Amino acid sequence: MPGSRACISPNDRGFTHADGVYEIVRSYAGTLFRIPDHLARLKRSLAAVRIAVPDVDTFAETAAELLRRNRLDKKDATVYIQITRGIAERMRAPGPAIPTVYIETSPLIARRALCRGVSVITLPDIRWGRCDIKTIGLLPNALARMQATDKGVYEALFIRDGFVTEGTHTNVFGVKDGTVLTHPPDHHILPGITRTVLLELCRALGIPISESPIPEPELTRLDELFLTCTTAEVIPVLRVNDVAVADGKPGPITRRLQSAFRRLSRRA
Ligand code: PDD
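Every chain is numbered on its own, with residues counted from 1 as its sequence reads. Given that this is a predicted model, residues contribute local features only at a pLDDT of at least 70 and side-chain atom pairs are listed and counted only at 80 or more, while totals for whole chains, interfaces and linings are drawn from all residues. Only hydrogens and water are set aside; all other atoms, that is, all heavy atoms of the structure, feed into the side-chain values.

Participant: Would you take a moment to explain the overall build of the chain for this structure?
Facilitator: A run of H or I in DSSP becomes a helix once it reaches four residues, and a run of E becomes a strand once it reaches two; helices and strands are each numbered from the N terminus. Across its full length, the chain holds six helices and 14 strands. In summary, the chain has a C-alpha radius of gyration of 19 Å against a globular reference of 18 Å for 268 residues, a match within 12%. Principal-axis analysis of the C-alpha atoms places the extent of the chain at approximately 55 × 40 × 30 Å. Between buried and exposed lies partly exposed: a residue is buried under 20% and exposed over 50% of the maximum accessible area for its type, with that area taken using a 1.4 Å probe on protein chains only. With 268 residues in all, the chain has 46% of them scored as buried. Note on contacts: a residue pair qualifies if any of its non-hydrogen atoms lie within 4.5 Å across the two residues. Long-range contacts, defined here as pairs at least 24 residues apart, represent 71% of the contacts in the chain between residues at least 6 apart. Counting 37 positive and 29 negative side-chain charges, the chain places the centres of these two groups 5 Å from one another. For this measure, only C-alpha atoms enter the radius of gyration; the expected value for a globule follows 2.2 Å times N^0.38, where N is the number of residues. Positive charges come from Lys and Arg, negative ones from Asp and Glu, while His and the chain ends are left out of the count. Think of each charge as sitting on NZ of Lys, CZ of Arg, CG of Asp or CD of Glu.

This is the structure we're talking about:
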């Protein structure tokens, strides 16, 4: 149905408590990229927040059908899937409810300038201890993104105990002496689907990987720095808090991974 006709109760726990989880999947000319990985992550998020949805595997077909009906099956698009606990009385422990499932598609207007590089700031990571769950409770992310926008930069990188965890909507990678560094997949980061693909590409290209967190002071001493996410793929970072990373240009390993990702995703 048209988005404007969708009805969701004001007593939906998603609205009152941000009590829900979500996924954003990319489609390239109608082909959903890594949809099994996204649905597997969605199942993990649902299990972690104790929302039971038995038919998650049917969402791949629903998403494909939505792309067709919205005439997005020949274009680049995104599929947004949100599941909340459903309708429940406020200020009570939620009892059994029927989860609200919402799926929509949107055309993707690629921001081409991003692949040439961006600037970022760093901010304290004030989020909770389960950032591995893709919850709709995104207030710290939204506030940090606003601060980045106020400073005229693309993204804010979160710092926890002196180390970079991730960005507000991206995973973070560094390159030092030929090795690709990124935060290990623990409770402090979202295990990005693009992150996983990037690590697979590194292995395939023989680029050494170290899943170890980057100390904040090292950020501008790296040879290269880049971000990954579903919508923007691989984004070189040229400046951190107004200080250039290396020579302030996208590095060779970033470039190599960018084109490898592009080849893989357009072939999928
Ligand atoms: N962002 N870290 C966070 C906090 C994210 O919200 C995302 C996803 C990522 C990257 O994950 P993936 O590669 O699976 O997209 C990392 C989505 C796209 C968003 O909310 O815009």
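Participant: Explain the packing of aromatic side chains to me, please; I cannot follow it from the model alone.
Facilitator: Both the distance between ring centres and the angle between the ring planes are used here to describe each pair of aromatic rings. For Phe, Tyr and Trp, rings pair up if their centres lie within 6.5 Å, where Trp contributes its six-membered ring, and each pair is then called stacked (planes under 30 degrees apart), edge-to-face (over 60) or tilted (otherwise). On inspection of all chains with the given rule, the structure shows four aromatic pairs. Summarising the aromatic geometry, the rings of phenylalanine 33 and phenylalanine 261 are spaced 5.5 Å apart at their centres and angled 70° between planes, so their arrangement reads as edge-to-face. Taken together, the residues phenylalanine 33 in the loop between β2 (31-32) and α2 (35-48) and phenylalanine 261 in helix α6 (residues 252-267) connect sequence positions 228 residues apart. As far as burial versus exposure is concerned, phenylalanine 33 and phenylalanine 261 are alike and both buried. Judged by centre distance (5.0 Å) and plane angle (5°), the rings of phenylalanine 173 and phenylalanine 226 are stacked. Of the two residues, phenylalanine 173 is situated in strand β8 (residues 171-176) and phenylalanine 226 in strand β12 (residues 224-229); the sequence distance between them amounts to 53 residues. Judged by its relative accessible area of 0%, phenylalanine 226 is buried. Here the aromatic cluster, defined as three or more aromatic residues joined through ring pairs, consists of Tyr28, Phe33 and Phe261. The criterion for a charge sitting over a ring is simple: Lys NZ or Arg CZ within 6 Å of the ring centre, and within 35 degrees of the ring normal. The ring of tyrosine 154 has arginine 145 sitting right over it, with the charged end atom 5.5 Å from the ring centre.

Participant: Just checking my understanding: could you explain the layout of surface pockets for this structure?
Facilitator: Gaps between atoms show up when a probe of the same size as a water molecule is rolled over them. There is about 1,100 Å³ of room inside the largest pocket. Only protein atoms enter the 1 Å grid used here. Points where a 1.4 Å probe fits but cannot escape make up a cavity, open sets with protein on both sides within 12 Å along at least five of seven lines make up a pocket, and a residue lines them when an atom lies within 4 Å of a point. Lining of the largest pocket is provided by 47 residues; of these, His169, Cys229, Thr230, Thr231 and Ala232 occupy positions nearest its centre. Of all elements in the fold, only β1 (20-28), α4 (139-150), β7 (163-167), α5 (193-205), β12, β13 (233-240) and α6 reach the threshold of two or more residues within the lining of the largest pocket. Grid points are joined across faces, edges and corners, and a volume is the space filled by probe spheres set on the points. Roughly 350 Å³ of internal volume is contained in the second largest pocket. Taken together, 13 residues line the second largest pocket, and the ones lying closest to its centre are Met1, Leu66, Tyr102, Ile103 and Glu104. Looking at which element gives the most residues to the lining of the second largest pocket, the answer is strand β4 (residues 100-107), with five residues. Side-chain classes follow a simple rule in which Ala, Val, Leu, Ile, Met, Phe, Trp, Tyr, Cys and Pro form the nonpolar group, Asp, Glu, Lys and Arg form the charged group, and the remainder, Gly included, forms the polar group. Grouping the amino acids of the lining of the second largest pocket by side-chain chemistry returns eight nonpolar, four polar and one charged.

Participant: Looking at this model, I keep getting lost on the sheet that holds strand β3 (residues 77-84). Mind explaining?
Facilitator: Here, a strand pair is defined by DSSP locating no fewer than two bridges between the strands. Sheet architecture is open: four strands sit in the order β2-β1-β3-β4, paired in antiparallel fashion. Here the strands that pair on one side only, and so sit at the sheet edges, are β2 and β4. As paired strands, β3 and β4 are joined by eight bridges and run antiparallel to one another. Paired with threonine 84 across the bridge in β4 is threonine 100. Axes here refer to lines fitted to C-alpha atoms; in helices the fit is confined to the stretch in contact. Angles between the N-to-C directions go from 0 to 180 degrees. Along the sheet, α2 makes contact with β1, β2 and β3, crossing β1 at roughly 175°. Helix α3 (residues 59-69) rests against β1, β2, β3 and β4 of the sheet, and its axis sits at about 40° to β4.

Participant: What is the right way to look at the pattern of salt bridges in this model?
Facilitator: When the charged atoms of two side chains lie near each other, side chains of opposite charge can form a pair. Here, a salt bridge means any Lys or Arg side-chain nitrogen found within 4 Å of an Asp or Glu carboxyl oxygen. By the definition in use, this model includes 19 salt bridges. The shortest N-O distance in the salt bridge between arginine 130 and aspartate 132 comes to 3.0 Å. What makes aspartate 132 buried here is its relative accessible area of 19%. We note a salt bridge from glutamate 218 to arginine 221, for which the minimum N-O separation is 3.0 Å. Residue classification places arginine 221 among the partly exposed positions, given a relative accessible area of 48%. A single network of salt bridges, built from pairs that share partners, joins Arg26, Asp76, Glu233 and Arg266.

By themselves, these figures tell us nothing about what the structure is for.
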